[in-house]
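Here's the letter readout for the chains.
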Amino acid sequence: MKSKLILHIGAPKCGSSSIQTFLGQNRRTLKNLGYLVPDEKLGSGGKVPGHHVWFLQSHRADLAEGERVVRDRLLSLQPKLPDDGSGGIILSAENLADNFGLEKLFTGLRQTFDIRIIAYVRRQDDFLLSSWQQWNVKVAPDFWTWLLRAIAVQKRGDWYFALSPWIREFGTDSITVRRFGRQYFEDGDLLADFCAAAGLPANRLDLNAPSENTGLSDASVDFAFAVQDLFENAHDSDFYNMIRQWGGDAAQKTGDSSLL
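As the structure is a prediction and not an experimental result, all values here were calculated from the model.

Rules and cut-offs
Residues numbered from 1 in each chain as written. Predicted model: local features only at pLDDT ≥ 70, side-chain atom pairs only at ≥ 80, totals over all residues. Heavy atoms only, no water. Buried < 20%, exposed > 50% of the residue type's maximum accessible area, 1.4 Å probe, protein only. Helix = DSSP H or I, 4+ residues; strand = E, 2+ residues; numbered from the N terminus. Arc of directions from axis to C-beta. Contact = heavy atoms within 4.5 Å. Phe/Tyr/Trp six-rings, centres within 6.5 Å; stacked < 30°, edge-to-face > 60°. Lys NZ or Arg CZ within 6 Å of the ring centre and 35° of its normal. Polar contact = N/O pair within 3.5 Å; in protein donor to acceptor, adjacent residues only side chain to side chain. Pairing = 2+ DSSP bridges. Axes fitted to C-alpha atoms, helices over the stretch in contact; angles between N-to-C directions. Core = buried A, V, L, I, M, F, W, Y, C linked by side-chain atoms within 4.5 Å. Salt bridge = Lys/Arg side-chain N within 4 Å of Asp/Glu carboxyl O. Expected span 1.5 Å × (residues − 1).

Caption draft 1: Expanded view of helix H9 (residues 218–226). Along H9, the positions that sit buried rather than exposed are Ser220, Val221 and Ala224. Along H9, the residues classed as buried sweep out an arc of 95 degrees about the axis, all on the same side. For H9, exposure combined with an orientation more than 90 degrees from the buried face picks out Ala219, Asp222 and Ala226. In this structure, the buried residues of H9 make contact with helix H5 (124–134) and helix H10 (238–247).

Shown next, in the form of C-alpha cells:
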C-alpha cells in the first residue's frame, strides 16, 4: 500500500500556526505512530517547528526545479515509514493555498504516495479583517485601498479560486475542506478537528498547543497603523508582542471589529 502524504495547505488566518505548533510538539509521538513531520527543509536532521512555509516558498520562482527537490527529499524519507502504508508524511504550509502554483511541487509524488490535502476556510469578512491585522496594517496606505485590491485583484477570501488548482491537479476526492470556527470543529477544538481530518488518533496526542496570533482590539490595530514605521515588514511581530505583553486583556480582541 502507498504511504500517505498529508498536505495541510492552510488557508492563511485559519489556525495554521496552532496546527504547526501541534505538529512540532508531537513529532516524536507521531513518529512512533508511523508519521513523520520533516524538518524545515523536508529532511530529518534539522529543526522541526512543524511548518514548511519558507522552504516551499523559496521554490516558487522555479517550480520545475522545486518539484525535483521536493520529490527527492520526500522519497528519501519513505524508507522510514511503515511498509504496510499505515503511516505517512505530514507537511504544513499555509501559503500553499495562495494560488501561486505551488501545487506543482507535489505532482511527481502521485505515483508513490496517497496524497491527502486538508484546507481550512473561514468566513470571508473574518478572514479579511484578520489578514489586515496580521500583515497589511503594517504596510498598506489605508484599509479601504487594501481591501478593494485584496478582493477585486488578489481574490482574497475566494476559496474556490484558492482551491481550484489543487482540485485540477489531484481531484476532489483527495481534498478535505473544513470550516474554521469553534462551532464547526470536532469536539469544539481545532486540533482535535485536524486529527479527525488527517486520520490521526487524537487520544494519543497532546492537544494542548497554545493559540497563536490571537486577535487584537481595534484600538491596538489602530495604534499599529499609526506607527507603521516601527515595522520592518509585514511579518515583523515585535511591536504586536509588546502590545500583548503590556496591554494584557485590554489589548485582546473581545468582539467584532468596527472596521466593516
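Caption draft 2: Fine view of the packing of aromatic side chains. In the structure shown here, the tally under the stated rule is 14 aromatic pairs. Ring centres of Phe180 and Phe185 lie 5.5 Å apart, and the angle between their planes is 70 degrees; on these two criteria the pair is classed as edge-to-face. These aromatic residues form a ring-pair network of at least three members: Trp132, Phe143, Trp144, Trp146 and Phe225. Lying over the aromatic face of Trp135, Lys13 brings its terminal NZ or CZ to 5.8 Å of the ring centre. Taking the ring centre of Phe100 as reference, the NZ or CZ of Arg60 above it sits at 3.7 Å.

Caption draft 3: Focus on the side chain of Asp98. Positionally, Asp98 belongs in the loop between strand S3 (88–92) and strand S4 (113–121). Given a relative accessible area of 18%, Asp98 falls into the buried group. Side-chain polar atoms of Asp98 contact the side chain of Arg156, separated by 3.1 Å. When near neighbours in sequence (up to four residues on either side) are disregarded, Asp98 contacts Pro12 and Arg156.

Caption draft 4: View of the sheet that holds strand S2 (residues 35–36). If you trace the 5 strands from one edge of the open sheet to the other, you get S2-S3-S1-S4-S5, paired in parallel fashion. Edge strands, defined here as strands with exactly one partner in the open sheet, are S2 and strand S5 (175–179). The pairing of strand S1 (residues 3–8) with S4 spans 6 bridges and is parallel. Along S4, the bridge assignment pairs Ile6 with Arg116. The strands that helix H8 (residues 190–198) touches are S1, S4 and S5; relative to S4, the one it contacts most, it runs at about 150 degrees.

Caption draft 5: The nonpolar core, seen in detail. One finds Leu5 and Phe106 to be the most contacted residues of the largest nonpolar core, which totals 76 residues. Among the elements that take part in this core, S4 stands out by supplying 7 residues, more than any other. Non-local contacts of Leu5, meaning those with residues more than four positions away in its chain, are made with Leu74, Ile89, Leu91, Phe106, Leu109, Phe113, Asp114, Ile115 and Arg116.

Caption draft 6: A look at the pairing of S1. Most of S1 sits out of view: 6 of its 6 residues are buried. In S1, alternate side chains face the same way, and those of Ser3, Leu5 and Leu7 on one face and Lys4, Ile6 and His8 on the other are all buried.

Caption draft 7: Broad picture of the pattern of salt bridges. This structure, assessed with the given rule, holds 11 salt bridges. Here Asp72 ties to Arg68 by a salt bridge, and the two come within 3.1 Å at their closest N and O atoms. Residue Asp72 and its partner Arg68 are located together in helix H4 (residues 63–77), separated by 4 residues, close to a single helical turn. In this structure Arg68 comes out as partly exposed when scored by relative accessible area, which is 36%. Ionic contacts of the salt-bridge type, sharing partners, join the residues Glu65, Glu67, Arg68, Arg71 and Asp72 into one network.

Caption draft 8: Seen up close, helix H7 (residues 159–170). Compared with an ideal rise of 1.5 Å per residue, which puts 12 residues at 16 Å, H7 spans 17 Å between its outermost C-alpha atoms and is within 8% of the ideal. Within H7, burial applies to Trp159, Ala162, Leu163, Ser164, Pro165, Trp166, Glu169 and Phe170. In this fold, the buried residues of H7 make contact with S1, S4, H5 and S5. One or two residues past the end of H7 sits Gly171, with phi positive at roughly 85 degrees.

Caption draft 9: Up close: unusual backbone geometry. Note that the residue after Gly10, namely Ala11, is joined by a cis bond; omega there is 5 degrees. Within the secondary structure, Ala11 sits in the loop between S1 and helix H1 (16–25). In this structure, Leu42 takes a positive phi of about 65 degrees despite not being glycine. With respect to the helices and strands, the residue Leu42 is situated in the loop between S2 and helix H3 (53–57). A positive phi angle, near 60 degrees, is found at Lys155, a position not held by glycine. Residue position: Lys155 is located in the loop between helix H6 (143–152) and H7.

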